[in-house]
Amino acid sequence: MSDNTLSPRPAVNRLVPYSPGKPIEETKREFGLTDVIKLGSNENALGPSPKAVEAMKSALGELNLYPDGAAFTLKNALSERFGLPAGCITIGNGSDELIHYLGIAYLREGDNIVQGDPSFVRYESAAVLNDTECVKVPLKNLTYDLETMADAVNERTRMVFVCNPNNPTGTINTKAEVERLMDRVPDSALIVLDEAYCEYVGSPQYPDSIQYVKDGRNVIVLRTFSKIYGIAGLRVGYGLARPDIIRAVEQVREPFNVNSLAQVGATAALSDTEHLQRSASNNTEGKKAFYAAFEAMGLPYAPSEANFVFVDVKRDCRPVYMALLRKGVIVRTGDIFGLPTYLRVTIGTPEENQRFLSELKAILAA
Ligand code: PMP
């Protein structure tokens, strides 16, 4: 008798569940705390864009209606912002969803993707789900090594992921490095430029990836409203690419993937330059405070172009993480990224940063 029991596709069992940052409420319950801060998920410590909050309040009365599946208003706002036609834009329920869609749209069994390691974990999930190999190229000096990644590309490579700035290290690849990669990767592979943290970048060497889309290159640029815009809870990300690439994603997109409040909120957040500038300067100041304290404590760190810093606590990070948790400070451990002496810490408000730094200092001195 043939085995006809119900079971998922083998790829489903190979997926490693995403391990999210620890939630504030759970930490309060577990440790009997009332005052917990979260510097573990690279969220915006200053809160959501106030313009987004206002706009959503006035949209509440229309929640009986389905959202605009084409996200017309948000796409128009992005189109104006970047000088790209709406046909070069797709909107996702977070950029996470767009990574998932890219996998469904492009990956065939036996293909491979190439990515840096350690990096954002969702690229590998897209590969595993689609019976595709994930080729991980180690970072060099905590930075994506695009030359070695280009060497790793072969005729089966369908996507090359570049996380820029990289999560968890905060480092960037320069315009020259990205352009050399684009020149070396054959047209059979799509280069995915994941720029979730781009609005925080200060380096003049950072690539102008929108220009690559305008030039019709084989790239898709992924960005998000979850980071500097401060609306991670709404789940909105977007992809910018040539119309043929956007069409492939749109073919597999859920018809109402982005809810109506999210569309309204994101459209308003996009024009909230005041909130954006405040968030960027809070980040710059916070990074300075982190760097100064880490240097005083003798802890190596990767200079970051994002809203988090990857710091080497020079001992097993798990007990340090646990001790911080007991003090009500949530950060992220480096062991999940294969670097077990590191912590990834999101820049918070000045008060949150000071609280984290003084707790860390006390824990390391104990
Ligand atoms: N890319 C990177 C590099 C990220 O760090 C994140 C969020 N942690 C995402 C994509 C996904 O962001 P979202 O789905 O919230 O848009």
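Before any of the text, the structure's been laid out above.
Notes on the structure follow. (Residues numbered from 1 in each chain as written. Predicted model: local features only at pLDDT ≥ 70, side-chain atom pairs only at ≥ 80, totals over all residues. Heavy atoms only, no water.)

Bringing helix 4 (residues 72-82) into the picture now. Three or four residues apart is the spacing at which side chains of an α-helix point the same way, because the helix has 3.6 residues per turn. Three or more residues of helix 4 are buried, namely Leu74, Lys75, Leu78, Ser79 and Phe82. Down the axis, helix 4 shows its buried residues gathered within 140° of arc, on one side only. For helix 4, the exposed residues lying more than 90 degrees away from the buried face are Phe72, Thr73 and Glu80. Glycine 83 sits one or two residues past helix 4 and shows a positive phi near 65°. (Buried < 20%, exposed > 50% of the residue type's maximum accessible area, 1.4 Å probe, protein only. Helix = DSSP H or I, 4+ residues; strand = E, 2+ residues; numbered from the N terminus. Arc of directions from axis to C-beta.)

This paragraph deals with the site of the ligand. Residues in close proximity to the ligand total 13 residues, the closest being Ser95, Asp194, Tyr197, Thr224 and Ser226. Here an oxygen atom of the ligand sits 2.7 Å away from a polar atom, N or O, in the main chain of serine 95. Aspartate 194 places a polar side-chain atom, nitrogen or oxygen, 2.6 Å from a nitrogen atom of the ligand. The protein chains hide 94% of the 400 Å² of surface that the ligand would expose on its own. Its atoms largely coinciding with the cavity grid, the ligand occupies the largest pocket. By residue class, the composition of the shell around the ligand is 4 nonpolar, 5 polar and 4 charged. (Near = heavy atom within 4 Å. Polar contact = N/O pair within 3.5 Å; in protein donor to acceptor, adjacent residues only side chain to side chain. Areas by Shrake-Rupley, 256 points an atom, 1.4 Å probe, with all protein chains shown as cover. 1 Å grid on protein atoms, 1.4 Å probe; cavity = no way out; pocket = protein on both sides within 12 Å on 5 of 7 lines; lining within 4 Å. Sits in = over half its atoms within 2 Å of the grid points. Nonpolar A, V, L, I, M, F, W, Y, C, P; charged D, E, K, R; others polar.)

A separate point is the pairing of strand 8 (residues 237-241). In terms of burial, strand 8 is a largely internal element, 5 of the 5 residues being buried. Alternating positions in strand 8 separate into two faces, Gly237, Gly239 and Ala241 on one and Tyr238 and Leu240 on the other, with burial throughout. As paired strands, strand 2 (residues 89-92) and strand 8 are joined by 4 bridges and run antiparallel to one another. Across the sheet, the residue bridging to isoleucine 91 is tyrosine 238, located in strand 8. Note that strand 7 (residues 219-224) and strand 8 share 5 bridges and pair antiparallel. Paired with threonine 224 across the two strands is glycine 237, which belongs to strand 8. (Pairing = 2+ DSSP bridges.)

Nothing here speaks to function; it is all geometry.
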